[in-house]
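# Survey of secondary and tertiary structure
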Amino acid sequence: MKGVREKEFPLSQLISFNKLLERYEEMASSDDSYLAERAKRILAAQAPYPELREGFTDESMLEKHKDLIQILLQDLFSEVLTDNEIKAASLPYDNIIFNSSKRFKKIIKDAGDDFVLEMRNMPEEHLYVMACTVILNFYYGFSLDFKRPFFYDIPDANGVMRHYRILYNADFIEIEPTEKAKKLTRDDIDELLANFDNIELWKEKIPPNSFVSRGFVISNMFDVTAEHSISEIKSSLIASDKRANEGFIENLQETFQSFFNRANLKAGFMIYNAKVDCFEPVYGKGMESFVLRDKETHNCKEMLCGHSYHKLLKEKSYYAISDVDRYAEKSEAYFYKNLKKQGIKSAIFAPIADNDKMLGVLELVSTEKNALNSVNANKLEDVMPFIVSAVLRSKSEEENLIDAVIQHECTSVHDSVYWRFQEEAKRFIKDDLEGIQPTFKEIVFKEVHPLYGQIDIKNSSDARNSAIQRDLMIQLSTVNQVLDAAWQKNKLPIYEELMFRVNDHMDNIKESLHTNSEQAIFNFVADEIHPVFAHLKKSDTEVGNLVTSYESSIDMGTDSYYDHRRNYDESVMLINKRLAALIDRKQRNAQDMFPHYFERYKTDGVEHNMYIGDSIAGELEYNPIFLNNLRLWQLQVMCEMENAHYKLKPELPVPLDVASLILVYNTSLSIRFRMDEKRFDVDGTYNARYEVIKKRIDKSFIKGTDERLTQPGKMVIVYSQKKDELEYLRYIKFLKSKGYFTGKVEIVDLEGLQGVSGLKAIRADILYKKSGQALEKTYTYDDLMKELQS
């Protein structure tokens, strides 16, 4: 078969739709008559062609049955999503594609006629071993993990390299042994595990063509160019030996081209000498500066205009020139004239600064006007820390290299666990120096105690919908006024018809806002009202003035009336900002008591996770008293956050309420740093129950009622163990004496949630302080010790 691999391989591959047809056979017996009839029609269409079920190797069969195959795969390739999804049906370990989405076809077409689709970094020998691990897992029952991310590197129509991650769905593959298949023992498996690179041994144990695979896989692809570019930039800067090579700057330049999606982009550097206020070139293979050009040094004030000098050297912020020619006409500064001479049309200059100390400037230039600008300059936020780190490396090579490896592998890391990442980074560097392929291993902290809390904005969806509804009603009313004026003057029926439709939209949203109402009105106004208004502005001065008045009320960012929504968004932003700032400030004190992992998120409110335990403590001695202390601290700080909201509420454009909840989980668990997601998560199926409770608990009701658990003015503490109830009642009593609670406490049972039952909750009324009345100071370890001993 043309295209099917001809080299030795453990699997003989047949294209077959048997597993898919078996699914349709199940659907044909469904109680859903629509699904059943549809499945029967598909099965009937395939019935005359048994080869599609039995499997075939002749690629011409794909063309022969093209239309029928499309029918068989229609549930897997939605026509509605074909312009968005990057998706294809293919044979595993081969480049044969026999069905694909329109977007995938366009990507391949843009790559050019001579482009050959191949997976990145996948040697033939590795494919053989990978196929063997699949056979060992599915047929022999030995669990081996050879999973690794797969990527396609495909140039776009402009020649910019785009990167796509591939995820395979192998639900429709069957594997069966042939007469060549051998029986394998545990010793055979151990021998294979010890000899990954011995391809002949793998072929001996699992000979070529000793198994048959029937079926196909679905390849789902995702554009990860931005993430890949950041990773490439980080990798380039981490390995100092690369920077000594001439290819370093070329590779970095190509990466920036992908990152900004501009084929005509170039990168340069210059150093800042603070002693004499001068820019100097970076000496290295391939290094250049577009600002200095051939000059050895140049005084900054003589080179730059006043504004660019202030932005780069005083504010240490990005300076973007979207139109070099226009700037060169306005200013006599050498800076602009020199760029114009080189044919540069747009540029971004990013200061490389360590805290307040200016080190140099990254230069990005393009021969296309507006290609680089103040908007896409902000993309550099993700890469500038690594450029700064590379510049500092000459002063502190080992320390900076460790930091760069951690940043490369794990993004940001909390101070409490940083020591563990440093250990792993040192091992990573040691392996690299010894010539061993370095890998950053997953980091696990066992037997840690979780603490979770949230302060959620109550009825945020209703408030948001109400704001949208009001804005739309105002905008449509204004539209009607303009159309009515046009109708009164010209009596064109089309104006009356448009007013009828505007009124219809207003009637639809008057009582409540439906899911698609906002988008439908937006499309209606953009596609049908605005073109009419553009005509009225040109043809009728009086009505045109009304149109101008209408346009002045429209927000440029949203292209719609944005008043009540702005008030809502600003209110949520102010609440989140105030609460997040408070808990962040308090956290610094909490870390001084005893180190623990902390993370918080802003949503419609503020959530936080904390983990404390011996494995996180490092060399410090852990005692359960520190868990008690952190629980008390959390309860107290959340009361203070409630009070912060109480004081802020009168200042909010929309007076939104909040409700607080603490989840007490009595069992310790393990957390693992997920390298793919760059964050910590609970480890193991049993521990996942904790995450399930977290996600569902704030939607729960009090047992036997329709009353929501969380309510404004009440601190809710959810638990399952009696000892936790007694502990928190003691804390509430203690904090009541300090002015945090009123003393009114109720204990309630919770309605069972999906997969969760037996939960109870304490609801304690919070005591709010009037403006100007300060809260008590934070009560910490010593106070807790006195309380526990009383």
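First, a word on scope: everything that follows refers to the structure included in this document. (Residues numbered from 1 in each chain as written. Predicted model: local features only at pLDDT ≥ 70, side-chain atom pairs only at ≥ 80, totals over all residues. Heavy atoms only, no water.)

### A short note on the pairing of strand 14 (residues 357–366)
We apply this condition: Relative accessibility under 20% of the residue-type maximum defines a buried residue, over 50% an exposed one, and the middle range a partly exposed one, all with a 1.4 Å probe and only protein chains included. To qualify as a helix, a DSSP run of H or I must reach at least 4 residues; to qualify as a strand, a run of E must reach at least 2; elements of each kind are numbered from the N terminus. Strands pair, by our definition, only if DSSP identifies at least two bridges between them.
Summarising burial for strand 14: nine of the 10 residues are buried, a large majority. Looking at chain direction, strand 9 (residues 265–273) and strand 14 are connected through seven bridges and run antiparallel. In the sheet register, Leu-265 faces strand 14, and the bridge partner there is Ser-366. Linking two consecutive strands that pair antiparallel, namely strand 13 (residues 346–354) and strand 14, is a turn of two residues; a positive phi of about 55° is found at Asn-355 within it.

### Considering the sheet that holds strand 12 (residues 319–321)
Heads up, the rule is: We call two residues in contact when some of their heavy atoms are within 4.5 Å. Helix axes are fitted only over the stretch in contact, all axes being lines through C-alpha atoms; the angle between N-to-C directions runs from 0 to 180 degrees.
Spatially, six strands are ordered 11-10-9-14-13-12 in an open sheet, and the strand pairing comes out antiparallel. What marks the edges here is a single partner per strand, and that holds for strand 11 (298–299) and strand 12. Bridge count for strand 13 against strand 14 is nine bridges, and the pairing is antiparallel. Of the residues in strand 14, the one forming a bridge with Ala-347 is Val-365. The sheet contacts of helix 14 (residues 306–314) involve strand 9, strand 10 (278–281), strand 12, strand 13 and strand 14, and relative to strand 12 the element is tilted by about 140°. On top of the sheet, helix 16 (residues 334–341) reaches strand 11, strand 12 and strand 13; it is set at about 50° to strand 12, its chief contact.

### A closer look at empty space enclosed by the protein
What counts is decided by this rule: Think of a 1 Å grid over just the protein atoms. A cavity is a set of points where a 1.4 Å probe fits yet cannot get out, a pocket is an open set with protein on both sides within 12 Å along at least five of seven lines, and lining residues have an atom within 4 Å of a point. Grid points are joined across faces, edges and corners, and a volume is the space filled by probe spheres set on the points. In this classification, Asp, Glu, Lys and Arg are treated as charged, Ala, Val, Leu, Ile, Met, Phe, Trp, Tyr, Cys and Pro as nonpolar, and every other residue, Gly included, as polar.
Counted under the stated rule, the structure contains two cavities of 30 Å³ or more. Space inside the largest cavity adds up to approximately 70 Å³. Along its surface, the largest cavity is lined by 13 residues, and Ser-90, Asp-94, Ile-97, Tyr-152 and Ser-219 are the ones closest to its centre. Elements with a minimum of two residues in the lining of the largest cavity: strand 2 (86–90) and strand 8 (217–223). There is about 30 Å³ of room inside the second largest cavity. Taken together, Leu-750, Glu-751, Gly-752, Leu-753, Val-756, Ser-757, Gly-758 and Leu-759 form the lining of the second largest cavity. Its residues assigned to classes, the lining of the second largest cavity shows four nonpolar, three polar and one charged.

### A few points about the packing of aromatic side chains
We count it as follows: Aromatic rings from Phe, Tyr and Trp, with only the six-membered ring used for Trp, were paired whenever their centres fell within 6.5 Å, and each pair was classed as stacked if the ring planes differed by under 30 degrees, edge-to-face if by over 60, and tilted otherwise. Criterion for a charge above a ring: Arg CZ or Lys NZ at most 6 Å from the ring centre, at most 35 degrees from the ring normal.
This structure, assessed with the given rule, holds 21 aromatic pairs. For the ring pair Tyr-319 and Phe-335, a centre distance of 6.3 Å and an interplane angle of 35° mean the geometry is tilted. Residue Tyr-319 is found in strand 12, and its partner Phe-335 is found in helix 16; the two are separated by 16 residues along the sequence. Side by side, Tyr-319 and Phe-335 carry an identical accessibility label, which is buried. Taking 5.0 Å as the distance between ring centres and 50° as the angle between the ring planes, the aromatic pair formed by Phe-335 and Phe-349 counts as tilted. Remark: Phe-349 occurs in strand 13 and Phe-335 occurs in helix 16; sequence separation between them is 14 residues. Each member of the pair, Phe-335 together with Phe-349, is buried. Put simply, the rings of Tyr-319, Tyr-327, Phe-335, Tyr-336 and Phe-349 touch in pairs and so form one group of aromatic residues. Against the face of Phe-77 rests Lys-87, its NZ or CZ located 5.4 Å from the ring centre.

### Digging into the packing of helix 24 (residues 564–593) against helix 26 (residues 624–648)
Let me state the cut-off plainly: Put simply, angles under 35 degrees are roughly parallel, angles over 145 are roughly antiparallel, angles from 65 to 115 are roughly perpendicular, and the rest are oblique. Crossing chirality is assigned from the near helix's rotation relative to the far helix, an anticlockwise turn below a right angle marking it left-handed and a clockwise turn marking it right-handed.
Between helix 24 and helix 26, whose axes approach to 10 Å, the crossing angle comes to 155°. As summarised for this structure, helix 24 and helix 26 are arranged roughly antiparallel, according to the angle between their axes. Between helix 24 and helix 26 lies a crossing whose hand is right-handed. Side by side, helix 24 and helix 26 meet where Leu-574, Ile-575, Arg-578, Leu-579, Leu-582, Ile-583, Lys-586, Gln-587, Ala-590 and Met-593 of the first sit next to Phe-626, Asn-629, Trp-633, Val-637, Glu-640, Met-641, Ala-644, His-645 and Leu-648 of the second. In the contact of helix 24 with helix 26, the residues fall into 13 nonpolar, three polar and three charged.

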